[in-house]
Amino acid sequence: MKVLAINGSPHKNGCTYTAIRLMAEQLEKEGIEVEILHVGNQIIRGCTACNSCSRSADKKCIFNDDIVNEVIEKTKEIDGIIIGSPVYYSGIAGTMKSFLDRLFYSGAHLQYKVGTALVSLRRSGGVDTFHQMNNYFNLANVITTPSHYWNVIHGSNADEVMQDREGVQIMQTLGQKMAWLMKSLEYSREHVALPQIEKRVWTNFIR
């Protein structure tokens, strides 16, 4: 089994990466492979709502000059995904937001797979950012990993993050629960059929 983890921070080995590694260590103990992709330092343009992805056979984004289409392809082979971001003005970091908009809108292969969002920050805005990230999972039929608190860890650098004992426990517990959920779903697929994805009904109000 495999998990793809997206580091949405500009800092490759900073707070967000440290939180992802805390989860990854628990997943790896359960025999689950974890690949970490660093996207927060890249140039990733935002979605232009051109809808080319919805009209194309492969559901890929029309822009092919960054990592988004590569990640869409990777989602075919994974069983779970972690998305992690620092907090910028009580929200998702800009590059990560552009990445997520295009990844999920284009139809990444994540339906009924396991997802976890996590947030790193110095002080405030963590819950707001966490809720924003979960919106992507909800609209993509991703099964979210349960937690005993919001998936937020505090610190200005990697060393401070490790001093947030509650945050460290949250991340470690998330890793354990994500492994359990992935294995449970793998087992259930032999016995229970997945729900059918119905064609969406769109209501547009006009004057």
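Each remark here, short or long, concerns the structure printed above.
Residues numbered from 1 in each chain as written. Predicted model: local features only at pLDDT ≥ 70, side-chain atom pairs only at ≥ 80, totals over all residues. Heavy atoms only, no water.

Draft legend 1. Region of the structure containing unusual backbone geometry. Unlike most non-glycine residues, Tyr-89 shows phi in positive territory, near 50 degrees. Checked against the element boundaries, Tyr-89 lands in the loop between strand 3 (80-88) and strand 4 (91-92). With phi around 60 degrees, Asn-141 is a residue other than glycine that occupies positive phi space. Along the chain, the position of Asn-141 falls in the loop between helix 5 (126-139) and strand 6 (143-144). (Helix = DSSP H or I, 4+ residues; strand = E, 2+ residues; numbered from the N terminus.)

Draft legend 2. Representation of a nonpolar patch on the surface within the structure. A cluster of nonpolar side chains, Val-127, Tyr-149 and Trp-150, forms an exposed patch at the surface whose accessible area comes to about 280 Å². Within the element layout of this structure, Tyr-149 appears in the loop between strand 6 and strand 7 (152-154). Given the relative accessible area of 45%, Tyr-149 is considered partly exposed. (Patch = residues over 30% accessible without salt bridge, like charges linked within 9 Å, V, L, I, M, F, W, Y side chains within 5 Å. Areas by Shrake-Rupley, 256 points an atom, 1.4 Å probe, with all protein chains shown as cover. Salt bridge = Lys/Arg side-chain N within 4 Å of Asp/Glu carboxyl O. Buried < 20%, exposed > 50% of the residue type's maximum accessible area, 1.4 Å probe, protein only.)

Draft legend 3. Representation of the environment of Val-3 within the structure. Note on placement: Val-3 falls in strand 1 (residues 2-7). The exposure class assigned to Val-3 is buried, which follows from its relative accessible area of 0%. With 38 residues separating them along the chain, Val-3 and Asn-41 place their C-alpha atoms 21 Å apart.

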